[in-house]
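# Summary of structural features
Letter by letter, the chains look like this.
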Amino acid sequence: MDRQKSILSHLDDYLSLSHHSLNTSKALILGIIAARTVNLKEVCARFEHGIEASNYRKVQYFFQQQSINDCEVMRFIIDHLFACNEQFTLAIDRTDWSFGQTRHNLLIVSVLYKQTAIPLVTLSLEKKGNSNCDQRALLLDRILSALPRHRIKAIIGDREFMGEEWFKLLKERHLPFVMRIRSNIRVAKVSFVGPVSELPTVKCPVEHGRVHIGPRFLELSTTYSKDELVAVVSDNVQDPLTLYKQRWAIETGFKCLKSNGFNLEDTHLRHPDRIKTLVQICAIAMTLIFLTVKQANVKIPNFKKNMALS
């Protein structure tokens with residue numbers, strides 16, 4: 001606990017919150033780690049100081065009135081988990097769940113770290129289904145306003161994140177990327193025009209070189225996973241298939257948020273801005289757990305066991 005408090009004291013240098021709000025956010029972070037849930041009544045019961053009912057009202061007011069700056073949270077996470085000028089990989093994905101009649105559908109860009117992923121920036125889509133390019137552009141621009149472009153090794157995404165408009169957006173932002181595409185997507189190269197699935201393929205990874213996908217020229221690589229063809233397109237990335245394999249860490253990250261650690265689906269919050277603030281608090285808590293374990297020089301076997309170390 002003392003190690004966690006010491007690390008949390010660094011938040012004072014990052015978050016532009018009032019002294020009172022900073023203290024509330026720190027208590028929330030420690031309470032969520034201790035309670036292993038985001039249910040605010042259970043979290044407030046773990047506060048070190050104050051009466052539970054009073055703490056609960058304080059936390060309700062915090063979520064109603066307070067927003068946390070995305071850039072400040074991102075800088076705290078990156079500065080504390082990565083060495084100066086060390087590159088990192090980003091992943092874009094959605095996660096959704098229902099609580100009663102309320103449906104949450106979040107678009108999240110996360111940073112990959114030690115076989116999991118920590119949310120950097122979140123957008124509530126307030127509808128079912130996929131995101132659009134304008135929404136993705138909003139998150140990318142927030143990322144680039146906080147973090148140097150040269151430190152981003154690549155952004156990776158699954159088959160939901162494809163299409164000419166999206167690839168154009170990534171190219172305009174000068175972001176290296178690896179995106180999985182559907183095997184029925186038509187590509188063109190010197191001696192072939194047709195769907196990816198009809199390219200000469202073998203079970204081992206194959207780099208097909210540059211191909212046309214619509215009007216765009218991208219690198220195509222394929223491999224097989226459990227007899228399923230995996231095709232990715234990339235731009236300005238070395239060994240894209242190896243990098244794409246790391247995408248599964250986003251699923252681990254979502255599992256940490258939603259079940260193995262914070263039980264995000266337990267939240268009674270409904271307003272999109274409050275959900276976003278809650279995810280930011282959880283992201284700082286995840287960072288704190290990793291830093292605490294790192295300082296204690298303890299190996300991380302899995303995230304759920306990690307929680308018990310706090």
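Residues numbered from 1 in each chain as written. Predicted model: local features only at pLDDT ≥ 70, side-chain atom pairs only at ≥ 80, totals over all residues. Heavy atoms only, no water.

Counting across every chain of the model gives seven aromatic pairs. Centre to centre, the rings of Y113 and F290 are 5.2 Å apart; their planes meet at 80°, and the pair counts as edge-to-face. One end of the pair, Y113, is in strand β2 (residues 102–113); the other, F290, is in helix α10 (residues 272–295), with 177 residues separating them in the sequence. For Y113, a relative accessible area of 9% translates into the label buried. Taking relative accessible area as the criterion, F290 reaches 2% and is therefore assigned buried. Ring centres 6.3 Å apart and planes at 50° place the aromatic pair F161 and W166 in the tilted group. (Phe/Tyr/Trp six-rings, centres within 6.5 Å; stacked < 30°, edge-to-face > 60°. Helix = DSSP H or I, 4+ residues; strand = E, 2+ residues; numbered from the N terminus. Buried < 20%, exposed > 50% of the residue type's maximum accessible area, 1.4 Å probe, protein only.)

Turning our attention to the layout of surface pockets. The calculated volume of the largest pocket comes to roughly 350 Å³. Along the wall of the largest pocket there are 16 residues; nearest its centre are N23, A27, L30, E48 and H49. Only α1 (2–8), α2 (19–35) and α4 (52–65) provide two or more residues apiece to the lining of the largest pocket. Per-element tally for the lining of the largest pocket: the top contributor is α2, with seven residues. Residues of the lining of the largest pocket, tallied by class, amount to five nonpolar, six polar and five charged. (1 Å grid on protein atoms, 1.4 Å probe; cavity = no way out; pocket = protein on both sides within 12 Å on 5 of 7 lines; lining within 4 Å. Points joined across faces, edges and corners; volume = space filled by probe spheres on them. Nonpolar A, V, L, I, M, F, W, Y, C, P; charged D, E, K, R; others polar.)

In regular strands, side chains alternate between the two faces of the sheet. Where strand β6 (residues 186–189) and strand β7 (residues 192–195) come together, four bridges link them in antiparallel fashion. What sits directly across from A188, in β7, is V193. (Pairing = 2+ DSSP bridges.)

Counting through the fold element by element, T267 comes out in the loop between α9 (248–258) and α10. Given a relative accessible area of 1%, T267 falls into the buried group. Polar side-chain contacts of T267 include one of 3.0 Å to the backbone nitrogen of L269. (Polar contact = N/O pair within 3.5 Å; in protein donor to acceptor, adjacent residues only side chain to side chain.)

Remark: α2 packs on α4, axes separated minimally by 10 Å, with the N-to-C direction vectors making an angle of 110°. On the basis of their axis angle, the class for α2 and α4 is roughly perpendicular. The crossing of α2 and α4 is left-handed. Of α4, the residues touching α2 (which contributes H20, S21, T24, S25 and L28) are K58, V59, F62 and F63. Residue composition of the contact of α2 with α4, grouped by class: four nonpolar, four polar and one charged. (Axes fitted to C-alpha atoms, helices over the stretch in contact; angles between N-to-C directions. Parallel < 35°, antiparallel > 145°, perpendicular 65-115°, else oblique. Left-handed = near helix turned anticlockwise from the far one by under 90°. Contact = heavy atoms within 4.5 Å.)

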